[in-house]
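# Architecture at a glance
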Amino acid sequence: MTEQWTARFGGLGLSPDQERLYLQLLSTAGLSAGQLGHSLGIGTERSLAALVVLAELGLVERPVSPDGAAWNAAAPDVALEELLMRRELELRRTRGRINELLRTYRRSRIGTEAGELVEIITGRDSIAELWRSLQLGVRAELRVLDKPPYIRRADPELELAALGRGVRMRVVYESRVLREPDRQAEIRLFTSAGEQARVLPELPLKLALVDDKWALLPVSSGTELQSVLLVRPSSLLDALAGLFELYWTRAMRMPAADSAELPQDRHRQLLALLAAGLTDESIARQMGVSTRTVQRWVRELMDRFGARTRFQAGIQAARADLL
């Protein structure tokens, strides 16, 4: 129970000593600083210092006896609510200073007007930390053109947490991403949680758009991601948003994992994967059947639409509004 409460106090800015002392006083009233320090193994001096801070925050009541022997916890419903309100006020004030701090940061790092709109981030760790911060900070919508190369394996918990707080996510995947079973399972997890996913045979670049405030894209194409551009509100950001919408419109809807229960649903799933340019082996893994079965279905569909290629069968099905 104590560990659970301690973890919940993390957002209040209390030190470990202060948290433990407050929890101890919640369960046992009227203890002296010495008794508290002994029971928690921190000594009288550290205990008293922490109690003084807790009293200033309104979480404990100072002793009324002359010898100062009895400290008591304040009622948590009142004391914690007041402390939370104070913290929220501090956070709002800090948020209000972000633009001022950002201007200082830009002047020190770049010093040019153009640098305020586009920033180059280098180094794999720096890029990974920036992307993590953007995911944690997204409020309304995240739009992604997803293709290799990758800095490191994604953290599914970040995306699931964003979806859980109501963030709209639209992702266009390049078809070769779906050839990896682990990635397929990950995408199914995301789509079941609310991600809107589509697929295309090829994408021109890797791109992430966060809340119409930032865009993140590689400086150059290649097999390694060593540097990226962070683009802030500008005509360039607008152009990148328009590029995403263009490819989103062209992309095929990602079939749901359980969409092949009925024959017509199975055909829709197969057609979408064909239009995305997946190989027979990748389609078989996606649909949970053998490669030979996929090949037979593909031949049947090509005959049905009079298509000369697999991709053509998928496109013609999309035009016929079968996807």
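Here is a short report on the structure shown in this document. Computed from a predicted structure; not experimentally measured.

### Regarding the packing of aromatic side chains
Evaluated as defined, the whole model comprises one aromatic pair. On the basis of an interplanar angle of 20° and a centroid distance of 6.0 Å, the ring pair of phenylalanine 244 and tryptophan 248 is categorised as stacked. Linking phenylalanine 244 with tryptophan 248, this pair stays in helix α10 (residues 235–250), spanning four residues, or about one helical turn. Accessibility expressed as a relative area gives 0% for phenylalanine 244, which makes it buried. Take tryptophan 248: its relative accessible area is 8%, and that puts it in the buried class. Arginine 170 extends its terminal NZ or CZ atom over the ring of tryptophan 248, reaching a point 5.2 Å from the ring centre.

### Considerations on the environment of valine 210
If you trace the backbone, valine 210 turns up in strand β7 (residues 207–210). On the basis of relative accessibility, which here comes to 0%, the residue valine 210 falls in the buried class. Once the C-alpha coordinates of valine 210 and alanine 241 are considered, the two residues, 31 residues apart in sequence, prove to be 9.9 Å apart. Beyond its immediate chain neighbours, meaning those up to four positions away, valine 210 contacts Trp131, Leu134, Val138, Glu141 and Leu142.

Parameters at a glance
Throughout, a residue's number is its position along its own chain's written sequence, starting from 1. Restriction of local features to residues with pLDDT of at least 70 applies here, the model being predicted, together with a cutoff of 80 or more for giving and counting side-chain atom pairs; totals for whole chains, interfaces and linings are based on all residues. In computing side-chain values, all of the structure's heavy atoms are included and hydrogens and water are not. Stacked, edge-to-face and tilted labels apply to pairs of Phe, Tyr and Trp rings (six-membered ring for Trp) whose centres lie within 6.5 Å, assigned for plane angles under 30 degrees, over 60, and everything in between, in that order. Here a helix means four or more residues in a row that DSSP labels H or I, a strand means two or more in a row labelled E, and each is numbered from the N terminus. Exposure classes here rest on a 1.4 Å probe applied to the protein chains alone. A residue is buried below 20% of its type maximum, exposed above 50%, and partly exposed in between. Note on geometry: a ring has a charge over it if NZ (lysine) or CZ (arginine) is within 6 Å of the ring centre and within 35 degrees of the ring normal. Working rule for contacts: check all heavy atoms of both residues, and any pair within 4.5 Å makes them a contact.

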